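# Secondary and tertiary structure notes
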Amino acid sequence: MIKWGRFLLFLVVVALLGTLVATTTTQVAGKITLGLDLQGGFEILYEVEPLEAGHQVDIELLKSTAHMIEKRINIGGVVEPVIDTELPNRIRVKIASQSADQDKLRELIGKPAVLTFRDESGKVILRGSDLAPNGAAVGYDDLKRPLVTVKFSDSKKLEDVTRANLHKRMAIFLDENLQTNPTIQSVITGGSAQITGDYTQESAQELADLLNSGAMPAKLVEKQVTSVGASLGALALQKTIYAGYIGAALIFLFMVLVYRMPGMIANITLAGFTYFCLVVLDWMDATLTLPGIAGFILSIGIAVDANIITYERIQEEIRSGKTILSAFRAGERRSLITILDAHITTLIATGVLFYFGTSSIQGFAVVLAMTIVVSIITNVFGSRFLLWLVVRSNMFKKPFWFGVKESEIGEL
């Protein structure tokens, strides 16, 4: 007996998914940030060298220098630079922008940080070199409100400056850009001071990093510059999308011809998988690069493979003489462990790539890991749910609908 309720539920789910994909895909895809290799821009690899004798390049110097670079790029008006530190002494700067003045930004980034403390007349009364190495840190007052603690190397000099400027403002500049303008509330002895204000944990950490970048000035030596024109990035994206369309069409055709009804359901869930991956990329505020797209395309193959393993099992059970419902139950049960093992081992591989890889390799790993998780939800459990609705509706009881010929039944 045909169970119309389950089939109608199947149609409603497919209709809702199709409407969602058709009406919002363009909007979702348009909000995803494109990387350097797709949008155009440039990448600079710097080697960090200390300016002063006796200083060494360590992780703190790399972090503070990277923070200084980010501040300068933001001052230059470039949106969302990607700055990666690479041990032992390198910083990689990626700027995806079609309008950025490359020469101007390279000059701006390459200058050593100049941190100065100035009195109300604009005179420099302290410099970044007066701070102790890593002397700035985040602290908390008695009410657990964030503040910035600062330690100077010459406590007598700090005492003289604060006594001469008591109850006056002392402006802190990075290069010629004002960062904060606190008031000296008391004469400071012992070399340690506190900068209080309406800080959050993040803003206090940002100021501490900025102060440390001036206290430990470093020289940036360009080792490699890679430029990607906007037209080249657009061409790469266009060809990638075109190749994706061709690949998807071939996959869809193959699934329908070989597996019939299950193949059609696999195509539906693959479309949903692609859509939800784009949604998650938008939620992650991720930057999509060519390696990321490669990971995305690879995940489509893995998603198709998950469906194929299940459908092959179902076909085997049908050929052995079982009913469609019994074959479905046995096929999905026998294939689940194999599919989950494949996905879990791939996730382990992505973890290794992310831990040991750099920049583009890490981007590939993140996108691949995300798509694996989405694939488990859509192409494993989602496709099984839709196929269960179809099978339980009793509308497609002939083996033909599952890619099995009558003559093949009973041969195994």
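Predicted model only: the values in this text are computed from it and were never measured.

Criteria and cut-off values
Residues numbered from 1 in each chain as written. Predicted model: local features only at pLDDT ≥ 70, side-chain atom pairs only at ≥ 80, totals over all residues. Heavy atoms only, no water. Helix = DSSP H or I, 4+ residues; strand = E, 2+ residues; numbered from the N terminus. Axes fitted to C-alpha atoms, helices over the stretch in contact; angles between N-to-C directions. Parallel < 35°, antiparallel > 145°, perpendicular 65-115°, else oblique. Left-handed = near helix turned anticlockwise from the far one by under 90°. Contact = heavy atoms within 4.5 Å. Nonpolar A, V, L, I, M, F, W, Y, C, P; charged D, E, K, R; others polar. UniProt positions renumbered as here; feature names shortened; annotations may be inferred. Pairing = 2+ DSSP bridges. Patch = residues over 30% accessible without salt bridge, like charges linked within 9 Å, V, L, I, M, F, W, Y side chains within 5 Å. Areas by Shrake-Rupley, 256 points an atom, 1.4 Å probe, with all protein chains shown as cover. Salt bridge = Lys/Arg side-chain N within 4 Å of Asp/Glu carboxyl O. Expected span 1.5 Å × (residues − 1). Bend = angle between axes of the 7 residues up to and from the residue. Buried < 20%, exposed > 50% of the residue type's maximum accessible area, 1.4 Å probe, protein only.

### Some words on unusual backbone geometry
The linkage connecting Leu87 with the following residue, Pro88, adopts the cis geometry, with an omega of 10°. Secondary-structure assignment places Pro88 in the loop between strand S3 (82–86) and strand S4 (90–96). The backbone of Lys144 shows a phi angle near 65°, a positive value even though the residue is not glycine. You can see Lys144 is positioned in the loop between strand S7 (131–140) and strand S8 (146–152).

### Here we look at the packing of helix H9 (residues 290–319) against helix H10 (residues 324–356)
Direction vectors running N to C along H9 and H10 enclose 150°, while the axes themselves pass 7 Å from each other. Judged on the interaxial angle alone, H10 and H9 are roughly antiparallel. Regarding H9 and H10, the two cross each other, and that crossing is right-handed. Where H9 abuts H10, its residues Ile302, Ala306, Ile309, Thr310, Arg313, Ile314, Glu316, Glu317 and Ile318 lie against Ile324, Ala327, Phe328, Ala330, Gly331, Glu332, Arg334, Ser335, Thr338, Ile339, His343 and Thr346. Its residues placed into classes, the contact of H9 with H10 shows 10 nonpolar, six polar and five charged.

### Notes on the UniProt feature "transmembrane region" (unreviewed entry) in the chain
The feature "transmembrane region" (unreviewed entry), as annotated in UniProt, sits at residues 241–259, 264–281, 293–314, 335–357 and 363–391 in this numbering. As annotated, residues 335–357 comprises 96% helix and 0% strand, and the C-alpha atoms at either end are separated by 33 Å.

### As for the sheet that holds strand S9 (residues 171–174)
Read from one edge of the open sheet, four strands run S6-S5-S9-S10, paired in antiparallel fashion. Each of the sheet's edge strands pairs with one partner strand only, and the pair in question is strand S6 (124–127) and strand S10 (177–180). Each strand of the sheet is rotated relative to its neighbour by a mean of 35°, with strand direction disregarded. Bridge analysis of strand S5 (residues 115–118) against S9 gives four bridges, and the strand direction is antiparallel. Residue pairing in the sheet places Arg118 in a bridge with Ala171 of S9.

### Remarks on the sheet that holds S8
One key point about sheets: their strands pair by backbone hydrogen bonds, in either a parallel or an antiparallel sense. An order of S7-S8-S11 is seen for the three strands of this open sheet, with the pairing classed as antiparallel. A single partner strand is all that each edge strand has here, and the edge strands are S7 and strand S11 (192–195). Looking at each pair of strands side by side, their axes are set apart by 25° on average, direction ignored. Examined bridge by bridge, S8 and S11 share four bridges and lie antiparallel to one another. Bridge pairing links Thr149 to Gln194 in S11.

### As for a nonpolar patch on the surface
The grouping of Leu9, Val12, Leu16, Phe385 and Trp388 at the surface amounts to a nonpolar patch, some 460 Å² of accessible area in total. Taken together, the elements giving at least two residues each to the nonpolar patch come down to helix H1 (4–30) and helix H11 (359–392). Position of Phe385 relative to the elements: it lies in helix H11.

### A short note on the packing of H1 against helix H8 (residues 261–283)
For the pair H1 and H8, interaxial distance at closest approach is 10 Å and the crossing angle is 40°. Considering their axes alone, H1 and H8 lie oblique with respect to each other. Considering how the two elements wind past one another, H1 and H8 form a crossing that is left-handed. Two secondary-structure elements touch here, H1 through Phe10, Val14, Leu17, Leu20, Val21, Thr24, Thr25, Val28 and Ala29 and H8 through Met264, Ile265, Ile268, Gly272, Tyr275, Phe276, Leu278, Val279 and Asp282. Tallied by class, the residues present in the contact of H1 with H8 amount to 14 nonpolar, three polar and one charged.

### Describing H10
Compared with an ideal rise of 1.5 Å per residue, which puts 33 residues at 48 Å, H10 spans 47 Å between its outermost C-alpha atoms and is within 8% of the ideal. Residue Leu336 marks the point of greatest curvature in H10, where the axis turns by about 35°. Turning to H10, its buried residues are Ile324, Ala327, Phe328, Ala330, Gly331, Ser335, Ile339, His343, Thr346 and Thr350.

### A word on the pattern of salt bridges
Taken as a whole and assessed by the stated rule, the structure comprises 11 salt bridges. Residue Lys31 pairs with Asp282 through a salt bridge whose shortest N-O separation is 3.3 Å. Residue Lys31 is located in the loop between H1 and strand S1 (33–34), and its partner Asp282 is located in helix H8; the two are separated by 251 residues in the primary sequence. Put simply, Arg334 and Glu317 hold a salt bridge, and the shortest N to O gap is 2.3 Å.

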